[in-house]
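An overview of the molecular structure
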Amino acid sequence: MHPTIEFDADLIARMTQRGPRYTSYPTADRFTPAFGAGEFAAAARPGKPLSLYVHIPFCESLCYYCACNKIITHDRGKAVKYLGYLLREIDMQAALFADGAVVEQLHFGGGTPTYLSDAQMGDLLGHLRSRYTFASDDAGEFSIEIDPRTVDAARIRTLRRQGFNRLSLGVQDFDEDVQRAVNRIQPEALTRAAIAAAREAGFRSISIDLIYGLPLQNVTTMAATLDKVVAAAPDRISVYNYAHMPQLFKSQKLIRDEDLPDGATKLAMLGLCIERLGAAGYVYIGMDHFARPDDELARAQRDGTLHRNFQGYSTHADIDMVACGVSAISAVNGTYAQNEKSLDPYYARIDRGELPVARGLALSGDDLLRREVIQKLMCDFALDLRDLAARWDVDVAERFAPELARLADLARDGLLAVTPDRIDVTPKGRLLVRNICMVFDDYFGKPAAVPLQRMRYSRTV
């Protein structure tokens, strides 16, 4: 039986707090410049299965809510220059990883990857395939994020021919007033046309991204958007909580505070999303993600093989992820490595013949153990303590005595059930799983690795 979810607005309102999303453990604010290109190269394991991530930072227009690493420009020459450096970085990485390795996953993110022209995309993919061996189309997951405003049916057919078999569309909201308030005018017809073209082209999975908590949203507008999403019938739906942090993201200063829905309205919108998507047959995967029961994410969760990484949930177990492009983060052999976040430093390192790693982290034994605990809770909503003890040769009751004591408080609130053998997150606790994981986070609340590198976390719900 697939996990269910129970929405308890009072419990969520009482328990929500700011905390990590756990796309990694330890979190990125623990990365340090002491870990650089040399340490990353030393961690390479040639011949292992790989997941590749490619970051394309460019966008044609600014979406006010966006917190991604992006560059707004109409100067196509910037993309030409960037691609030249990206190919050089790919070559340096391939020298470390490609020998005997099979790429099981590929993900293009941004920014807007479809900012690149057909020819540029073709050249970039051709270069990757000349350096790496890729799994077959039916075995591999090759995904790209698209902006429906930047593609037509012909472009979507080309992306499929170029090897992509999964598509993610940014929608955020179908309401025209909300779209104007966040400077993302995207008529419903464009989105529906992109979905239809993707199906016709033979994409294996289509995903839609929504955001709740945007300016001028309310329960009525969200209901109308959900009607349209359900009618479009994507395979996966992500419903993100908008985190308004204008002190960190300048573009968010363009959103008027008085237009933002209050906390009660945001919770009501989330409750509506859960109710409507559940009624439409979608299952809750965790952390904002819903999928059809026959989708690979849902099957992986049932099989206990679901994984979480910097791109969110993944069906492939913990394989090395090699990321290229400005700000991209790799996760390789018990290490994390993040590239320079700005173009000039990124270019300068590559010009010196260096991998553009700005900072990273080599995980300790305790980090690796806690990472597994958090992964299991985030992905499976359960943790087999007896299995954990056997595989890690630890006395769980002794090693995690303070954590288990704190879990008892959460158990009394109905978030989980704890026995000597297991931790099981309840349907009521699944929306608050980040709160549970934070108990096992040995860094949370402690000063960051680099004093100025403080991370502002979003609310757990």
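Refer to the preceding data block for the structure.
Residues numbered from 1 in each chain as written. Predicted model: local features only at pLDDT ≥ 70, side-chain atom pairs only at ≥ 80, totals over all residues. Heavy atoms only, no water.

**Some remarks on the nonpolar core**
With 122 residues, the main nonpolar core has Leu86, Leu106, Phe108, Leu128 and Tyr132 as its most contacted residues. With eight residues, helix α3 (residues 76-97) is the largest single contributor of residues to this core. Excluding residues that lie within four positions of it along the chain, Leu128 makes contacts with Leu52, Val54, Ile90, Leu106, Phe108 and Phe134. (Core = buried A, V, L, I, M, F, W, Y, C linked by side-chain atoms within 4.5 Å. Buried < 20%, exposed > 50% of the residue type's maximum accessible area, 1.4 Å probe, protein only. Helix = DSSP H or I, 4+ residues; strand = E, 2+ residues; numbered from the N terminus. Contact = heavy atoms within 4.5 Å.)

**Notes on the sheet that holds strand β20 (residues 422-425)**
Pairing within the open sheet is antiparallel, and its three strands lie in the order β18-β20-β19. Since the sheet does not close on itself, it has two edges, and those belong to β18 (382-384) and β19 (416-418), each with one partner. Strand-to-strand, the axes of this sheet are offset by a mean angle of 10°, without reference to chain direction. With three bridges joining them, β19 and β20 adopt antiparallel strand pairing. Residue Ala417 lies in a different strand from β20, and its bridge partner there is Asp424. Helix α12 (residues 365-380) rests against β18 and β20 of the sheet, and its axis sits at about 135° to β18. The sheet contacts of helix α13 (residues 385-392) involve β18 and β20, and relative to β18 the element is tilted by about 50°. (Pairing = 2+ DSSP bridges. Axes fitted to C-alpha atoms, helices over the stretch in contact; angles between N-to-C directions.)

**Re the pattern of salt bridges**
It is possible for side chains of opposite charge to pair when their charged atoms get near one another. Across all of its chains, the model carries 35 salt bridges by this definition. For Asp351, the salt bridge is made with Arg88, and the minimal N-O distance between the two is 3.2 Å. Note that Asp351 is positioned in helix α11 (residues 343-351) and Arg88 in helix α3, a separation of 263 residues in sequence. Accessibility expressed as a relative area gives 35% for Arg88, which makes it partly exposed. Arg184 is the partner of Asp147 in a salt bridge, and the nearest nitrogen-oxygen pair spans 3.5 Å. Remark: Arg184 occurs in the loop between α6 (176-181) and α7 (188-201) and Asp147 occurs in the loop between β6 (141-146) and α5 (153-161); sequence separation between them is 37 residues. According to the relative accessible area criterion, Asp147 is buried, its value standing at 7%. (Salt bridge = Lys/Arg side-chain N within 4 Å of Asp/Glu carboxyl O.)

**With respect to the pairing of strand β16 (residues 335-339)**
When you tally the buried positions in β16, you get five out of five residues, the bulk of the element. Burial along β16 is two-sided: the face carrying Thr335, Ala337 and Asn339 and the face carrying Tyr336 and Gln338 are both buried. Linking two consecutive strands that pair antiparallel, namely strand β15 (residues 329-332) and β16, is a turn of two residues; a positive phi of about 50° is found at Asn333 within it. Looking at chain direction, β16 and strand β17 (residues 357-362) are connected through five bridges and run antiparallel. Paired with Gln338 across the two strands is Arg359, which belongs to β17.

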